[in-house]
Amino acid sequence: MSAGIIWSAGPASPGNSAGSDFPESRSFPAGPAGVAGPRSPAVSTGLAAPDHPWAEPGSRPAVVFRRCVTNVTAGIFSWDMNTNEVVREQGTYELYGLPEDGPATMETLLSRVPEEDQADVIAAMRQMMSSCGTYEIKYRVLALDGSLRPMEARGRVLPGPDGRPARMTGFVMDTTSLWASSEADPLRLHEGAERTALTQKFSAALASAVTVDAITAAARAGLAAYGANGLIIVTEHEGLQAPLTFYGFDAAAARLLGDPAPSPGSPVAHAIAAETPVFVCSATDLAHRYPHLAAMAAGSAHQAWAAVPVPDTRGRFGACLMGFARPREFGTGERALLVAASGLLAQSLQRARMYESEHALARDLQRGLLPRGPLQAPGMTIAARYQPVTSGLEIGGDFYDAIELTGGRVALVIGDVQGHNPIAASMMGRLRMVVHAYAREGHGPAEVMTRANQWLVELNTDPDLALFASCCFVVIDPAAGELEMCRAGHPAPVLVSPGAAPVLLDQGDDLLLGVERAERYSTVKLSMPSGATLLLATDGLLDADGADSDGHLRTLLGVLADGAGEDLETLADRLLASPRRTQHGDDIALMIARAGRAARPAGCEPYSSSSRDR
């Protein structure tokens, strides 16, 4: 540390140029014997000027020192540059680690400056002695224990009778505590910024997690940055408080530490009862406060614990208990950080539990609107899948059904009502029932679509609430090896005949249901030999994001070609799990039907489409 100087010189006087009164031949004498602690060798300084004419006895004004109270260790001094005599307060020598009965000279004080700093300190003092004015100098001295301590001297250089510099007065103080404070401030700022960054990162991870499992995974990663290697979350469910989730603890430890019962007590129980955080700094501390937990703590992977109470939306308290691998004191900043992290966890868990409840309700409602159990029909093997991409209370409008008709025929229907909400789901359920009823009345595909369209148009009286639907209605006659199809704005089915490549049945695409009451729908009749496979799906599976929709369709056709003789349940799973399928962001409904030879029931005539279906 080089000496630093801040200097404010007074008015210049004749003959007071720097260095003119400091003969280089003068040197400091060695320090007195018996001086405690390390000392530096005497150096040549040329600081004293005893030949000054004002250095006569009695020419100096009397200086009276009084001890003062200050936040730092300090002492006052006055140095006569003529006689080299130093008048100092008692504490001044203490700062330098010198005995009180030692010689009062500047050389003695400078002997405590480390050798590597002496040249800079002496150069700074020469500058101060060259003119009158105020000064401030920072330097180091050797303490009694051999350590270096930062010092600071401030004061003024006063003139003698002739106006030339004659006396230096001021005070010197040990600035170790100030240096520590100045170094601690950036450290505190860094720690504060680090805590803020950790909290923001943790908040972002929790914000994207919508299930309890996802939040637990985010907590495992986020709390590790705080030093925690275990977590137990206790919440109320159906009137009982119990651990909801935990990691890093075995089941027995989670049960004991997360026990909310007030007797025999636990950190969690006390945090909930007192509604204040409980910090346990070590296993010894835990055993002292909760003797019944001592055996558990002895073999635990955690040696410190923090239990933070967290209220739910109803004002009832649960708690987050975090475990730490080593004992810790939990400083003020860390405690605040853990309380904040626990609050974030609690809020996220409440949101996740609400989300999961809503999603379960929507899933059950959706399942209730779709056919229950496997689809079965004479002469047909059918597999169906429904894969929602909605969340919370969002409910998709995709539907499917298989309807047994007279004459051994089977009607397959699949559709998609626009929207993802309870209104769309309700409309989907009603439309499915309407199509089912019209089909059971014996109408052909085109007539079923025409009637369903008129029904939906009549419901769409309010333009703001109007809903439209796509639909594909197919009647298969396994005995005749034929199918009849009507499409209302729906993606084309795919037919895979034995020994042939998959074919996209894109004929006869008519208007969406619910748009135009006067729309008349048409029927297409095609061959469907025994062993042929028919795929009907909504656009969530068949459409593709991006420009390569043809490539996406080729991929799906390839899966169908490879699975021409495969079990339909397996084939359905392969279609959903296709790695090249683009995430379109829409629900997926699909049906796969395979025709077999079925004898026509006795007394049944082959089905013939009415003129309205042509």
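Note that the structure is predicted; figures quoted are calculated from it, not measured. Counting starts from 1 at the beginning of each chain's written sequence and moves along it residue by residue. The predicted origin of the model limits local features to residues at a pLDDT of at least 70 and limits the giving and counting of side-chain atom pairs to 80 or more, whereas totals for whole chains, interfaces and linings rest on all residues. Water and hydrogen atoms were dropped before computing side-chain values, which therefore reflect all heavy atoms in the structure.

(A) Representation of the overall build of the protein chain within the structure. When its secondary structure is counted, the protein chain shows 15 helices and 23 strands. Across the 614 residues of the protein chain, 47% fall into the buried class. Residue contacts are defined here by distance: any two heavy atoms, one from each residue, within 4.5 Å place the two residues in contact. A separation of at least 24 residues holds for 63% of the contacts in the protein chain among residues at least 6 apart in sequence. Per-residue and other accessible areas follow the Shrake-Rupley method at a 1.4 Å probe size, with only the shown protein chains counted as cover for residues. In the form shown here, the protein chain has an accessible surface area of approximately 28500 Å², with 54% of it arising from carbon and sulfur atoms. Counting from the N terminus, the helices are DSSP H or I runs at least four residues long and the strands are E runs at least two residues long. Burial here depends on accessible area, computed with a 1.4 Å probe over protein chains only, as a share of the maximum for the residue type. Under 20% is buried, over 50% is exposed, and the range in between is partly exposed.

(B) Main features of the confidence of the model for the protein chain. Each residue carries a pLDDT score, the predictor's confidence in it, ranging from 0 to 100. A residue-level look at the protein chain finds 73% of positions with pLDDT of 70 or above and a mean pLDDT of 76. Within the protein chain, strand 1 (residues 4-9) has the poorest average pLDDT of any element, 45, and strand 17 (residues 482-488) the best, 95. Per-residue pLDDT stays below 50 along residues 50-71; that stretch engages in 31 contacts with residues further than four places along the chain or on separate chains. Counting contacts from residues 598-614, a segment whose pLDDT is below 50, to residues more than four positions away or on other chains yields 33 contacts.

(C) Fine view of helix 3 (residues 115-129). By this rule, a helix spans an expected 1.5 Å times one less than how many residues it contains. In this model, helix 3 (15 residues) spans 21 Å end to end at C-alpha, consistent with the 21 Å of a helix rising 1.5 Å per residue. For helix 3, the set of buried residues is D117, Q118, V121, I122, A124, M125, M128 and M129. One side of helix 3 holds all its buried residues, which, seen down the axis, span an arc of 165°. Away from its buried face by more than 90 degrees, helix 3 exposes E116 and A119. Think of the arc as the fan of directions from the helix axis to the C-beta atoms.

(D) Summary view of the sheet that holds strand 18 (residues 494-496). Here, any two strands with at least 2 DSSP bridges between them count as paired. Reading across from one edge, 12-13-23-22-18-19 is the order of the six strands in this open sheet, with antiparallel pairing throughout. Each of the sheet's edge strands pairs with one partner strand only, and the pair in question is strand 12 (376-377) and strand 19 (503-504). As judged from the three bridges shared by strand 18 and strand 22 (residues 533-537), these two strands associate in the antiparallel manner. Within strand 22, the residue paired with V496 across the bridge is T533. Angles here are taken between N-to-C directions and fall from 0 to 180 degrees, while the axes themselves are lines fitted to C-alpha atoms, restricted in helices to the stretch in contact. Strand contacts of helix 15 (residues 568-576): strand 13 (380-387), strand 22 and strand 23 (588-595), with the helix running at about 30° to strand 13, the strand carrying the most contacts.

(E) Expanded view of unusual backbone geometry. In this chain, S263 is followed by P264 through a cis amide linkage whose omega measures 5°. Not every positive phi belongs to a glycine, and E275 is a case in point at roughly 55°. When you line up the elements, E275 lands in the loop between helix 7 (267-274) and strand 9 (278-280). Not every positive phi belongs to a glycine, and F330 is a case in point at roughly 55°. In this structure, F330 sits in the loop between strand 11 (317-324) and helix 10 (332-369).

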